[in-house]
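Architecture at a glance
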Amino acid sequence: VMHWAARLGLENCWVAPEVWDYTRVCELASSRRPVCDAVLLLSVVHHINRMSVEQYAQVPLSRLEGFLDLLARMLRLTRRVLLLELPGPRDLPEAYAACGSPRGILEAAALRSGREWDLVGPLYEAKWYGMRELWCAR
């Protein structure tokens, strides 16, 4: 990734791997300003959600409300684009029960984010522990 950033002359580009949970995403989003131009979340959002369930209860939020708030805050982190892989109902049962589909889940989160988003997808579908879809919010 960094090789391409240098090759393309991208000056404000870095890879920042760290463990996120609801508390960390809330901290990052607390400035109410985007912290980056793009966020790439592949096969992680359901893990972040699972790690955050107890934190949702402390707010207090239900698992569904907590997850949608988590996604909305993730959307607020980026100035331009969020690429997000959403797993199927096995990993996000409450979200699918309430929203029906990956598009429905993203629409609910986008509405909560307070910004308008163009949702494009699925860009890619893969069958791996159920169906997974790659979506772009821009």
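As a reminder, the structure under discussion sits directly above these lines.
Presented here is an overview of the structure given in this document. This structure is a prediction, so every number in the text was calculated from the model and none was measured.

For the chain, the count of helices and strands is 6 helices and 4 strands. Going residue by residue from the N terminus, the α and β elements of the chain occur as α-α-β-α-α-β-α-α-β-β. Taken over the C-alpha trace, the chain has a radius of gyration of 15 Å; the compact-globule value for 138 residues is 14 Å, and the two agree within 12%. The dimensions of the chain, computed from C-alpha atoms along their principal axes, are 45 × 35 × 25 Å. Relative to its full complement of 138 residues, the chain shows a buried share of 40%. Within the chain, contacts between residues at least 6 apart in sequence are counted, and of these 65% link residues at least 24 apart.

Glancing now at the packing of helix α2 (residues 22–29) against helix α4 (residues 63–77). Where α2 contacts α4, the two axes come as close as 9 Å, and the packing angle between them is 35 degrees. In this structure, the crossing between α2 and α4 has a hand that is left-handed. Where α2 abuts α4, its residues Y22, V25, C26, L28 and A29 lie against G66, D69, L70, R73, M74 and L77. Taken together, the residues that form the contact of α2 with α4 break down as 8 nonpolar, 1 polar and 2 charged.

It is worth spelling out the environment of M51 at this point. Mapping M51 onto the fold places it in helix α3 (residues 45–58). Residue M51 is classed as partly exposed on the basis of its relative accessible area, which comes to 45%. Each C-alpha atom of the pair M51 and D21 lies 6.2 Å from the other, and the pair is 30 residues apart in sequence.

Moving on: the side chain of Q55. Here Q55 lies in helix α3. When its relative accessible area of 16% is taken as the criterion, Q55 is described as buried. At 3.1 Å, the side chain of Q55 forms a polar contact with the backbone nitrogen of Y22.

Right, let's get into the packing of aromatic side chains. A full pass over the atoms with the stated rule returns 2 aromatic pairs. Where Y22 meets Y56, the ring centres are 5.2 Å apart and the plane angle is 85 degrees; that geometry is what we call edge-to-face. You can see Y22 sitting in helix α2 and its partner Y56 sitting in helix α3, a full 34 residues away along the chain. No difference in accessibility class separates Y22 from Y56, as the two residues are buried. Their ring planes at 70 degrees and their centres at 5.1 Å tell us that W128 and Y129 sit as a pair that is edge-to-face. Its relative accessible area of 47% is what places W128 among the partly exposed residues. Relative accessible area serves as the criterion here: at 53%, Y129 is assigned to the exposed category.

What follows deals with the pattern of salt bridges. Per the counting criterion, the structure on display carries 11 salt bridges. D69 is the partner of R73 in a salt bridge, and the nearest nitrogen-oxygen pair spans 2.7 Å. Of the two residues, R73 and D69 both sit in helix α4, 4 residues apart, roughly one turn of that helix. Measuring nitrogen to oxygen at the nearest pair gives 3.0 Å for the salt bridge that ties D118 to R138. One end of the pair, D118, is in the loop between α6 (102–113) and β3 (119–127); the other, R138, is in the segment after β4 (131–137), and 20 residues separate them in sequence.

The rules we used
- Residues numbered from 1 in each chain as written.
- Predicted model: local features only at pLDDT ≥ 70, side-chain atom pairs only at ≥ 80, totals over all residues.
- Heavy atoms only, no water.
- Helix = DSSP H or I, 4+ residues; strand = E, 2+ residues; numbered from the N terminus.
- Rg over C-alpha atoms; globule rule 2.2 N^0.38 Å.
- Buried < 20%, exposed > 50% of the residue type's maximum accessible area, 1.4 Å probe, protein only.
- Contact = heavy atoms within 4.5 Å.
- Axes fitted to C-alpha atoms, helices over the stretch in contact; angles between N-to-C directions.
- Left-handed = near helix turned anticlockwise from the far one by under 90°.
- Nonpolar A, V, L, I, M, F, W, Y, C, P; charged D, E, K, R; others polar.
- Polar contact = N/O pair within 3.5 Å; in protein donor to acceptor, adjacent residues only side chain to side chain.
- Phe/Tyr/Trp six-rings, centres within 6.5 Å; stacked < 30°, edge-to-face > 60°.
- Salt bridge = Lys/Arg side-chain N within 4 Å of Asp/Glu carboxyl O.

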